[in-house]
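What the coordinates show
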Amino acid sequence: MSLMSTEQTAEFLGVKVERVKRLARESLLIAKSEDEDGEPQFDSAEVAKYKELAARFGGL
């Protein structure tokens, strides 16, 4: 499992950091841990699956 920071996740998905934080609050992206600043970190495989699913539904 490779973890991605909030910023890396936002860049990969092509959205703003605030959007990633909202997706985490709404449990659409599940954080696996938090960094030393309390920011969520996400499993890269799950982020890729979410991106694929979102594309099927018409995009992020």
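Conventions we followed
- Residues numbered from 1 in each chain as written.
- Predicted model: local features only at pLDDT ≥ 70, side-chain atom pairs only at ≥ 80, totals over all residues.
- Heavy atoms only, no water.
- Helix = DSSP H or I, 4+ residues; strand = E, 2+ residues; numbered from the N terminus.
- Rg over C-alpha atoms; globule rule 2.2 N^0.38 Å.
- Buried < 20%, exposed > 50% of the residue type's maximum accessible area, 1.4 Å probe, protein only.
- Contact = heavy atoms within 4.5 Å.
- Pairing = 2+ DSSP bridges.
- Axes fitted to C-alpha atoms, helices over the stretch in contact; angles between N-to-C directions.

1. Some thoughts on the overall build of the chain
When helices and strands are tallied, the chain shows three helices and three strands. Shown N-terminal to C-terminal, the secondary structure of the chain runs as helices and strands in the order β-α-α-β-β-α. Taken over the C-alpha trace, the chain has a radius of gyration of 11 Å; the compact-globule value for 60 residues is 10 Å, and the two agree within 12%. Here the chain, with 60 residues, has 28% of them falling under the buried criterion. Across the chain, the fraction of contacts at a sequence separation of at least 24, relative to all contacts at a separation of at least 6, is 46%.

2. Quick look at the sheet that holds strand β2 (residues 31-34)
Ordered in space as β1-β3-β2, the three strands form an open sheet in which the pairing is antiparallel. What marks the edges here is a single partner per strand, and that holds for β1 (3-4) and β2. Alignment of β1 against strand β3 (residues 40-43), held across two bridges, turns out to be antiparallel. Looking across to β3, one finds that Met-4 is bridged to Phe-42. Packing of helix α3 (residues 44-56) onto the sheet brings it into contact with β1, β2 and β3, and relative to β3 it is tilted by some 75°.

3. Re the environment of Val-47
Along the chain, Val-47 falls in helix α3. The spatial distance from the C-alpha of Val-47 to the C-alpha of Thr-9 is 7.2 Å, given a sequence separation of 38 residues. Filtering out sequence-adjacent residues up to four positions away, Val-47 remains in contact with Met-4, Thr-9, Phe-12, Leu-13, Leu-29 and Phe-42.

4. Comments concerning the pairing of β2
Sheet topology places β2 next to β3; three bridges connect them, and they run antiparallel. Pairing of Glu-34 across the sheet is with Pro-40, part of β3. Where β2 folds back onto β3 in an antiparallel hairpin, the turn is made up of five residues, including Gly-38, whose phi is positive at roughly 85°.

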